[in-house]
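# Structural characterization, general
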Amino acid sequence: MGDPALSLVAVEKRYGDTAAVAGLTLDVAEGEFVTLLGPSGCGKTTTLGLIAGFLPLSAGDIRLKGRSVIGLPPFRRDIGVVFQDYALFPHMTAEENVAFGLKMRKVAKAETASRVAAALDLVKLRGLGARRPHELSGGQRQRVALARALVIRPQILLLDEPLSNLDLKLREEMRVEIAELQRALAITTVFVTHDQSEALVMSDRIAVMNAGRVEQVGRSTEIYERPASRFVAEFIGRMNLFPARIRAGAAGLRVVTARGVTLALALPGGIVEPVAVHIAVRPERACVLRKAPAADWLAERGRIEQVLYLGAAHEIRLALEDGLRATVEVTNTGAPLGLEPGMTVWFAAPPEACLVLPAHQ
Amino acid sequence: MKAGPSPAWILLRVCVGAVYLFMLGPILITATVSFNASNRSVFPPQGFSLRWWARALSWEWLDPLLFSLKLATLAGLAATLLALPLAFALVRHRFRGRDILVALTLGPLLLPALVTGVGLLQLFQYAGLRDLIGLPALIVGHVVICLPFAVRTIAISLQGMPPNLENAAASLGAPPWRTQANVVLPLVKNGIVAGAVFAFIHSFTDVNLSLFLVRPGEIPINIKILGFLEFGFAPTLAAVSVLTIIIPLVVVAAVQRMTGLGDFLYAERGHG
């Protein structure tokens, strides 16, 4: 194995006193699909602009296959970009848009024609090559943009929220389609989105960004099942959080809940006594019980406030006795739920559903 | 029961009607008078004659007309060529002195052209450039007063460009000059043409500024008309006036035909 296809080394981008990207380090392997996921303003699109060369770096280094691209203008970087607004050239047909990159590379006419046709086939746009962008639907424009970026066979493909302008149904189709295309072509891809389900479905790895930094990098399952911080836990999916403390006892470190119940939970590395933590439970991993569960479970008494019918699931919202709120999601099995607002119940989670997160970063 | 049009609607119609009346009325009257058989300019015309048109098409009037065309073409082209880099700089870049440049470029819009004309005349005299009075001075003056129109139209078409097009071109391997030639220029072409047309017409119709910078033999048509008016309004003038109205119209129509100014390039936006 040689150098990674793309390395970001302590990358920084400052505007005056504010840092849009504040020391970002990330390696992307050849053929890998990595997603930069974060809320708007977290610096993910700026990072993409830095990789593509549209913006100059303030500090750090960006390397393609080990070679620094600092100072290299975008037109020499060999990076394909799909923009959020597609940025198709409005005065050119779909074909001419796709052919643009080949024309710039002085590819011969016959080869250009066959590669453009192949690229349009690839994105299922055969027969629409003669249309102008304004004659195409949002989804079709998206495909032209993708074909235009792929046809030049770039070292790296950058996708900047390419699905956010599409309606839900199309978005879900394109997710799978883009991911399949990426795998078929084995093209190294960096995908930017604020949509966690997009990230979970499409990515080999996700880098969760917050305030210009990477909070956690990992496979979808790692990010969802073992978030490293409260930010990641709450940004990806939903999370119930219960304040707790770590205490040392005869049997080693134990988690003590706010009500004084001691639980034997798996602890993340580096946790020392005494420290404030959160016990985190996903809504779909918890359950609502009418009587107290086993002693080694996390259990909080409360009252049902709302029962929402979501179709595939029921969402039960609880007001707990210590003033906290919690949410439980119960799969709709068809059997009657038997839970009504106003009932006094237990919020319960088995130890394996409980995560311990540091309360302060 | 069907309600009649509301008073506001009637008022609007009356206003629009009045605008058309006062805009087109004088032109129609002038046009009719030019075919008058009488020696005096009377309306409605008495009889029909083409003799005023024969006079209007003599060299006495064609010379200043051709001079005006030459002046407007040169000044319009020069103003557009100057406006192009100016508009790019003003739209794309934030630099020190930008506000001053904006004020200088658009200033002539706010200043009466009469004042600009007097000022230019004095400038040429004090700078010892008296010999340039005539066509060269007129071109300079007209470029100054036409520039704002060209800069504004080009700037607007630049601002209307989707933001990422140039980045997209660059990522596809286009060096800056190719991006400008293959992407930016085609998209702002209509703005440039419209700017040039505005500049041409503004120059062609100017009186105030030209008044001070003419010299015998180098007189735009409007100044010639103004001079002639001192002796009263002859039907010849009516014919000449119609000519000066038709020429800009023909220019606009021709340019529109050739470039498709009506083409709405950005129909793409709005679909979302």
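If you're wondering where the values come from, they're calculated on a predicted model, not measured in any experiment.

What follows covers the overall build of chain B. When you go through chain B residue by residue, the secondary structure sums to 10 helices and zero strands. For a compact globule of 272 residues, the expected C-alpha radius of gyration is about 19 Å, and chain B comes in at 23 Å, more than 25% above that figure. Buried positions account for 35% of the 272 residues belonging to chain B. Within chain B, contacts between residues separated by at least 24 positions form 76% of all contacts whose residues are at least 6 apart in sequence.

This paragraph deals with the sheet that holds strand β17 (residues 313-320) of chain A. Either a parallel or an antiparallel arrangement is found when strands of a sheet pair, and the pairing is made through backbone hydrogen bonds. Residues and elements named next belong to chain A. If you trace the five strands from one edge of the open sheet to the other, you get β15-β19-β16-β17-β18, paired in antiparallel fashion. Strand pairing shows two members of the sheet lacking a second neighbour, β15 (287-289) and β18 (325-331), which therefore form its edges. Going from strand to strand, the sheet's axes swing by 45° on average, the running direction of each strand aside. Pairing analysis gives seven bridges linking strand β16 (residues 298-309) to β17, with the strands arranged antiparallel. Looking at the pairing, glutamine 306 lines up with arginine 317 of β17.

Residues and elements named next belong to chain B. At a minimum axis distance of 11 Å, the contact between helix α5 (residues 113-126) and helix α6 (residues 135-159) shows a crossing angle of 140°. One way to sum up the angle between α5 and α6 is to call them oblique. By crossing handedness, the relation of α5 to α6 is classed as right-handed. Contact residues: α5 offers Ala113, Thr116, Gly117, Leu120 and Phe124, while α6 offers Ala137, Val140, Gly141, Val144 and Ile145.

Turning next to the confidence of the model for chain A. When pLDDT is averaged across chain A, the result is 90; 98% of the residues are at 70 or more. Looking over chain A, one finds the lowest element-wise mean pLDDT in strand β12 (residues 252-257) of chain A, namely 78, and the highest in strand β3 (residues 33-37) of chain A, namely 96.

Let us look at the sheet that holds strand β8 (residues 188-193) of chain A. Residue and element names in this part refer to chain A. Pairing is mixed across the open sheet formed by six strands, whose spatial order is β6-β7-β8-β3-β9-β10. Where the open sheet ends on each side, the last strands, each with one partner, are β6 (79-82) and β10 (213-218). On average, each strand axis in the sheet is tilted by 20° relative to the strand beside it, whichever way the strands run. The pairing of β3 with β8 spans five bridges and is classified as parallel. In the sheet register, valine 34 faces β8, and the bridge partner there is valine 190.

Here the focus is the environment of B:Pro5. Residue and element names in this part refer to chain B. Of note, proline 5 is situated in the segment before α1 (7-33). Accessibility expressed as a C-beta count within 10 Å gives 9 for proline 5, which makes it exposed. A sequence separation of 105 residues divides proline 5 from leucine 110, and the C-alpha atoms of the two residues are 41 Å apart.

Next up on the list: the pairing of strand β9 (residues 205-210) of chain A. Residue and element names in this part refer to chain A. When β3 meets β9, the two strands line up parallel, connected through four bridges. Within β9, the residue paired with leucine 37 across the bridge is valine 208. Here β9 pairs with β10 via five bridges, running antiparallel. Note on β10: the bridge partner recorded for valine 208 is glutamine 216. Between β9 and the antiparallel strand that follows it, β10, lie two residues; alanine 211 among them carries a positive phi value of about 50°.

Our next topic: the pairing of β3(A). The element β3(A) is extensively covered by neighbouring structure, given that five of its five residues are classed as buried. With burial as the criterion, each face of β3(A) is covered, one bearing A:Phe33, A:Thr35 and A:Leu37 and the other bearing A:Val34 and A:Leu36.

Moving on: helix α5 (residues 168-185) of chain A. Residues spaced three or four apart along an α-helix point in a common direction, a consequence of the helix completing one turn every 3.6 residues. Residue and element names in this part refer to chain A. In this model α5 runs 26 Å from its N-terminal to its C-terminal C-alpha over 18 residues, within 8% of the 26 Å that 1.5 Å per residue would give. Buried within α5 are the following residues: Met174, Arg175, Ile178 and Gln182. In an axial view of α5, the angular spread of the buried residues amounts to 115°, which keeps them on one side of the axis. For α5, exposure combined with an orientation more than 90 degrees from the buried face picks out Lys169, Val176, Glu180 and Ala184. Looking at the packing, one finds that the buried side of α5 touches β3, α4 (138-150), β8 and α6 (196-202). Trailing α5 by a residue or two, alanine 186 shows a phi angle of about 50°, which is positive.

Looking now at the interface of chain A and chain B. Contacts between chain A and chain B engage 23 residues on the former and 21 residues on the latter. Its residues assigned to classes, the side of chain A that touches chain B comprises 14 nonpolar, six polar and three charged.

Looking now at the packing of α6(B) against helix α8 (residues 176-205) of chain B. Residues and elements named next belong to chain B. Interaxial distance between α6 and α8 falls to 8 Å at its minimum, and their mutual angle equals 155°. What the angle tells us is that α6 and α8 run roughly antiparallel. Of the two elements, α6 crosses α8, and the hand of that crossing is right-handed. The residues of α8 that touch α6, namely those facing His142, Ile145, Cys146, Phe149, Ala150, Thr153, Ile154, Ile156, Ser157 and Leu158, are Val188, Asn190, Gly191, Ile192, Ala194, Gly195, Ala196, Phe198, Ala199, His202 and Ser203.

Rules and cut-offs
Residues numbered from 1 in each chain as written. Chains lettered and ligands numbered in written order. Predicted model: local features only at pLDDT ≥ 70, side-chain atom pairs only at ≥ 80, totals over all residues. Helix = DSSP H or I, 4+ residues; strand = E, 2+ residues; numbered from the N terminus. Rg over C-alpha atoms; globule rule 2.2 N^0.38 Å. Buried ≥ 20, exposed ≤ 12 C-beta atoms within 10 Å, placed from the backbone. Contact = placed C-beta atoms within 7 Å. Pairing = 2+ DSSP bridges. Axes fitted to C-alpha atoms, helices over the stretch in contact; angles between N-to-C directions. Parallel < 35°, antiparallel > 145°, perpendicular 65-115°, else oblique. Left-handed = near helix turned anticlockwise from the far one by under 90°. pLDDT = per-residue confidence, 0-100. Expected span 1.5 Å × (residues − 1). Arc of directions from axis to C-beta. Nonpolar A, V, L, I, M, F, W, Y, C, P; charged D, E, K, R; others polar.

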